[in-house]
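Below are the chains, spelled out letter by letter.
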Amino acid sequence: MSELSASPLGKVNVYTDQYDSSLLFAICRDGNRTSIGIDIKNLPFKGVDIWNGFDFTWLDDESIPQFGLLTIYVPCESTKLIESKSLKLYLFSFANMSFKSKAEIVRVLEQDLTAAAGQSVAVALDTHPEYFTETLGGFTGESLDALDIVCTAKNVNSSLLRSDAANIVHEQLCSDLLKSNCLVTGKPDWGSVRITYTGPKIDHESLLQYIVSYRNHQGFHEQCIERIYFDILNICKPSKLIVEGRYTRRGGLDINPIRTNVEVVLNNTRLFRQ
């Protein structure tokens, strides 16, 4: 937590509308990974954290305000994750800055975010009317949310997970009942999760109980999805596994981590609740 004490989370901050890349605050991923048993030199997954920014604004070269939908792709192999409040402060610092083109903005964003994350970050910027053609959807797959279960776990409990080694299946399971709390402020984070796997059939009731056991857990979005992935991989032993989290937005930003051990097309289809 000592590293986080220097972050803007949980503090009163003055928003600046003058560009300032020093506002970005990055957090080392290694600590959380090693605490749950992940070998940081041999990650059991690949993937990306997709950020969507809905309140991004700047000035064109005639000082006319512009706005757009910002999408940021941070590779999970990066040494650091970017703390969300610092990203909001940083993005707002573009508000009164003039740029000649979207390409110039993207170049600056990619340069600064790459420096913060420690690995190449990709950025897309869609302006009106481009992003109004985007459609909302829902996770495809079988929803677990109507299952008749009893939830008693007050903390994350991986021992809830069960699978049938004699029954090899391919399934896509999803839930809108993922909820955790910010590691620093304790504020609730609401999300949806989809698990796509090939391997011993996971007991659906046990999986939903496990997902719900995050309800009082404190951790960043990326950390929660990595823990779900790692627990399922270790306990249920699937040969192929994809875990996708899509969280509702806060302060104009939503965070969507994807972890996988197979090649996937990184779709960024927003869910209805986002």
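What counts as what
- Residues numbered from 1 in each chain as written.
- Predicted model: local features only at pLDDT ≥ 70, side-chain atom pairs only at ≥ 80, totals over all residues.
- Heavy atoms only, no water.
- Disulfide = S-S within 2.5 Å.
- Buried < 20%, exposed > 50% of the residue type's maximum accessible area, 1.4 Å probe, protein only.
- Phe/Tyr/Trp six-rings, centres within 6.5 Å; stacked < 30°, edge-to-face > 60°.
- Lys NZ or Arg CZ within 6 Å of the ring centre and 35° of its normal.
- Helix = DSSP H or I, 4+ residues; strand = E, 2+ residues; numbered from the N terminus.
- Pairing = 2+ DSSP bridges.
- Contact = heavy atoms within 4.5 Å.
- Axes fitted to C-alpha atoms, helices over the stretch in contact; angles between N-to-C directions.
- Polar contact = N/O pair within 3.5 Å; in protein donor to acceptor, adjacent residues only side chain to side chain.

Enquirer: So what exactly am I meant to see when it comes to the state of the cysteines here?
Expert: What makes a disulfide is a covalent bond joining the sulfur atoms belonging to two cysteines. For the structure on display, the rule yields 0 disulfides. The thiol sulfur of C76 is not disulfide-bonded, and the nearest other cysteine sulfur, from C28, lies at 14 Å. The exposure class assigned to C76 is buried, which follows from its relative accessible area of 0%. The cysteine C151 is free of any disulfide, with C174 supplying the nearest cysteine sulfur at 16 Å.

Enquirer: Can you walk me through the packing of aromatic side chains in this structure?
Expert: The relative placement of two aromatic rings is captured by the distance of their centres and the angle of their planes. Within this structure, the stated rule accounts for 9 aromatic pairs. In this structure, R259 is placed above the aromatic ring of F45, and the distance from its NZ or CZ to the ring centre is 5.7 Å.

Enquirer: Looking at this structure, how should I read the pairing of strand β2 (residues 46-59)?
Expert: Looking along a regular strand, one sees the side chains alternate between the two faces of the sheet. For β2, the buried fraction is high: 11 of the 14 residues fall into the buried class. Taken together, the 8 bridges between β2 and strand β10 (residues 253-260) define a ladder with antiparallel strand orientation. Each residue of the ladder has a partner; that of D49, found in β10, is P257. Of the strand pairs in this sheet, β2 and strand β3 (residues 65-75) are connected by 10 bridges, and their pairing is antiparallel. Across the sheet, the residue bridging to F56 is G68, located in β3. Between β2 and β3, which pair antiparallel and follow one another directly, the connecting turn spans 5 residues, one of which, S63, has a positive phi of 65°.

Enquirer: Explain the sheet that holds strand β6 (residues 142-143) here, please?
Expert: Where strands meet in a sheet, backbone hydrogen bonds hold them as pairs that are either parallel or antiparallel. Taken in spatial order, the 8 strands make up an open sheet running β5-β3-β2-β10-β9-β8-β7-β6, and their pairing is mixed. Two strands bound the open sheet, and with one partner strand each, they are β5 (122-127) and β6. Bridge count for β6 against strand β7 (residues 163-181) is 2 bridges, and the pairing is parallel. Paired with S143 across the two strands is C174, which belongs to β7. Seen against the sheet, helix α3 (residues 102-117) touches β2, β3 and β5 and runs at an angle of roughly 145° to β5. Against the sheet, helix α4 (residues 204-212) makes contact with β6, β7 and β8 (188-202), and its axis sits at roughly 25° relative to β7, the strand it touches most.

Enquirer: Explain α4 to me, please; I cannot follow it from the model alone.
Expert: Think of an α-helix as turning once every 3.6 residues; residues three or four places apart then point the same way. Burial runs high along α4: 8 of the 9 residues are buried. For α4, the complete set of buried residues consists of H204, S206, L207, L208, Q209, Y210, I211 and V212. Packing partners of the buried residues in α4 comprise β6, β7, β8 and α5 (221-236). The backbone nitrogen of E205 lies 3.4 Å from a side-chain oxygen of the residue at the head of α4, namely D203.

The values reported here are purely geometric and, on their own, carry no functional implication.
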